[in-house]
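Structure assessment
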Amino acid sequence: MKKATRSTRSALVCTGVVLLSLMAAARPTIAAQPNDATITRLVNDVQLRAAQTAPHSASINDKVADGSSVQTGMDSRTELTFADQSLARLSANTIFSFNEGTRNLDLASGAVLMRVPKGAGRAKISTARVTAAITGTTVIVEYHPHGYLKFISLEGTARLYLKGRWGESVLVRPGQILITNPDAKNLPDPVDVDLARLLKTARLIIDFPPLGSENLIAKEIEKQQRAKSKKSMTDTNLVIFGKGTIVSLTNPAQMTAASRPISASVTPGPDAIPSSTDLGTVATLPSPGAAPNGLSATNYTADDPH
Amino acid sequence: MSILAQASFAQGPTSQDVDRAQLLQDQTQPPFGTSTSSEGIQDGHAAASPNDADIGEQEILKRTTEYRPLYVALASPIFYTSNVALTRSGEMSDVVVAPMAAMYYQPRITKTLYGNFGAREQVFYYGSNHAFDFGSLDVEAGLNYFMPQFHNLILRAEYDFNRLTFDDRLGDEFFSNHGLIFNAELPFRFSRAQQLAVGVNTNISVAADHQSPRRNDYEAYVAYSVNLTRAFSVNAAGRVVARDYHQNGRTDVSEILSASATYRLTDWCSISAISSFAHSDSNKDVFDYSVANVGGAIALSARF
């Protein structure tokens, strides 16, 4: 009787130890999964590079492990979906990686549209010198090392800050764009950008399925329309066509044509990037001598007698 | 880079824009032919690719911010003071409630010149030493001038009428003064969130009713402010003031340190923790004193 009890107890202890060992072994796998992403859309050449492995071509539904990087080639795009329903849509010639899921997104070069839903937790997207806290926002970021950083918020407020420059942070509100030299010591003020036009012309939006934050973006578009009708916000003929920082002065005919919706199936022709019909262009070449801070400080003081 | 872009954003579609565009292009174009780096940059811009429309067209909108010249504020500080009567010995402490109401009209005359017309009434109620209760009314008229070309130097000149009354009885005056105030302040912004300002201030009394408290003030100060978050800021200031009295050859020199932390609850409402310490030395020793104040305040303000 005693023997039987002892052997039963030993069996229970062994079973417990085995179960605990299995749980311990399974834990890293379970913990790692929420930080992984899945390739949900893919156009042309997209390469995955996991840690210490050779890059290989990605396919739809490929899992992208935490710490991996994704690289798109010429004329290529892809969409990553994270476990928390955050989305990252990568433009052509983009190198993007992430750590701890959406907590540390790193844009080494290129352009990305990020949607981090509210409640998804703290998320930030980093470049070499500038970091953006983007929780509960839909944003577009374009970055080229030592070239420029462009940041657009479609919905939600993001905070941009310079690494190692305490207090140097800027809020980019819905419908605002900020362009800066990533090596600058100060961040400039953001300016407003027409969300409706951007939404109709951005292939990272029109060539892809719904983002999930359309309603929130629509509300921001509505706010801009209301501001326009109240004349507190007006259109200009200053347009940046796609990537880059060249501000083109367009004529009214172009403005009207451009404001018409573009079908998702239409490939942008040469007229999408006008040159000969421009009235002129403003080159916003990054220059080490042109730290973009002086003007904002002047405006701040001059407009506020306090 | 952004300076150039923003300068253009702020303008309408005029011929000056084109001129400026050409001018800026001349200044910013590289001296030699185009170059493309391996990082996708061509002449400082993104190299053209078939996917250039990926992030869409960014039409810049011009926001018209209406300048609102009318400023109204209500505040109610409540604080402990260690020296009610500002005396050298026999100090008495008390709690002070000092509600304040102010209204200013600050019309923009030019882009850098503003008028400043306002009135401010503050009444000091002492918790147990009611005999010290008094009210202070200031009526101001002057000009504020901003000089962006000199590191955003701010110059102020104004006439100030100050009237002290017993308690909150506005008709019961015990002192009045007509003063001319001149101020120069130089702000230094270290980053978007931090600013240091140095300034000098003079308050010259041109006429007063009751001569014994009448004086000219000469002040130098340094003030630091930092926004720790979107809504929370901390300010600290140090001042040295020489007070030259018109009678009895009395001259006081006061050193004042103050610090405050403010949390903005809404655009129009904030709460603060306030503290200050002052030490005053006079050539007439009987007027020496030290005082410390610690407390809090709630403030409402709006612009119209």
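Residues numbered from 1 in each chain as written. Chains lettered and ligands numbered in written order. Predicted model: local features only at pLDDT ≥ 70, side-chain atom pairs only at ≥ 80, totals over all residues.

Some remarks on the overall build of chain A
- Of the regular secondary structure elements, chain A holds six helices and 20 strands.
- The long-range share in chain A, meaning contacts at least 24 apart out of those at least 6 apart in sequence, stands at 48%. (Helix = DSSP H or I, 4+ residues; strand = E, 2+ residues; numbered from the N terminus. Contact = placed C-beta atoms within 7 Å.)

A closer look at the overall build of chain B
- Check the secondary structure of chain B and you find two helices and 16 strands.
- Residue burial in chain B is summarised as follows: out of 304 residues, 15% are buried.
- Taking contacts inside chain B between residues at least 6 apart in sequence as the whole, the part at least 24 apart equals 48%. (Buried ≥ 20, exposed ≤ 12 C-beta atoms within 10 Å, placed from the backbone.)

A few points about the nonpolar core
Residue and element names in this part refer to chain A.
- The biggest cluster of nonpolar side chains holds 68 residues, and the ones touching the most others in it are Val-112, Met-114, Val-139, Val-141, Phe-151 and Leu-160.
- The element best represented in this core is strand S9 (residues 104-116), accounting for seven residues.
- Other than its neighbours up to four places away in sequence, Met-114 contacts Ala-88, Leu-105, Ile-125, Ile-134, Val-139 and Val-141. (Core = buried A, V, L, I, M, F, W, Y, C linked by C-beta atoms within 7 Å.)

Observations concerning the pairing of strand S1 (residues 37-43) of chain A
- In the sheet, S1 of chain A pairs with strand S6 (residues 77-82) of chain A via six bridges, with the strands oriented antiparallel. Paired with Ala-37 of chain A across the bridge in S6 of chain A is Phe-82 of chain A. (Pairing = 2+ DSSP bridges.)

Re the environment of Arg-303 of chain B
- Its place among the elements puts Arg-303 of chain B in strand S16 (residues 289-303).
- Dropping the residues within four chain positions of it, Arg-303 of chain B is found in contact with Arg-68, Leu-70 and Tyr-71 of chain B.

Focus: the environment of Arg-129 of chain A
Residues and elements named next belong to chain A.
- You can see Arg-129 is positioned in the loop between strand S10 (124-126) and strand S11 (130-133).
- When the 20 C-beta atoms within 10 Å are taken as the criterion, Arg-129 is described as buried.
- Here the alpha-carbon distance between Arg-129 and Asn-181, two residues 52 residues apart in the chain, equals 9.8 Å.
- If we ignore the near neighbours within four places in the chain, the residues touching Arg-129 are Leu-162, Lys-163, Pro-182 and Asp-183.

Describing the environment of Val-247 of chain A
Residues and elements named next belong to chain A.
- By the element assignment, Val-247 lies in strand S19 (residues 247-249).
- Overall, the presence of 26 C-beta atoms within 10 Å leaves Val-247 in the buried class.
- Once the C-alpha coordinates of Val-247 and Asn-237 are considered, the two residues, 10 residues apart in sequence, prove to be 9.5 Å apart.

Considerations on the confidence of the model for chain A
All names here are of chain A.
- In this model, chain A carries an average pLDDT of 75, and 71% of its residues clear a pLDDT of 70 or more.
- When mean pLDDT is compared element by element in chain A, strand S17 (residues 191-193) scores highest at 95, while helix H6 (residues 294-303) scores lowest at 29.
- Contacts from residues 19-32, a stretch scored under 50 in pLDDT, to residues over four places away or in other chains number one contact.
- With pLDDT under 50 throughout, residues 256-306 is counted as low confidence; its partners more than four residues away or in other chains account for 100 contacts. (pLDDT = per-residue confidence, 0-100.)

A word on helix H4 (residues 214-229) of chain A
Residue and element names in this part refer to chain A.
- Here H4 is 16 residues long and its end C-alpha atoms lie 22 Å apart, about the 22 Å a rise of 1.5 Å per residue gives.
- Regarding H4, the residues found buried are Leu-216, Ile-217, Glu-220 and Ile-221. For H4, the buried positions fall inside an angular range of 145° around the axis, keeping them on one side. Opposite its buried face, H4 presents the exposed residues Asn-215, Lys-219, Glu-222, Arg-226 and Ser-229, each directed more than 90 degrees away.
- Its buried side turned inward, H4 meets strand S12 (137-144), strand S13 (148-155) and helix H2 (195-201).
- Positive phi shows up at Lys-231, right after H4, with a value of about 65°. (Expected span 1.5 Å × (residues − 1). Arc of directions from axis to C-beta.)

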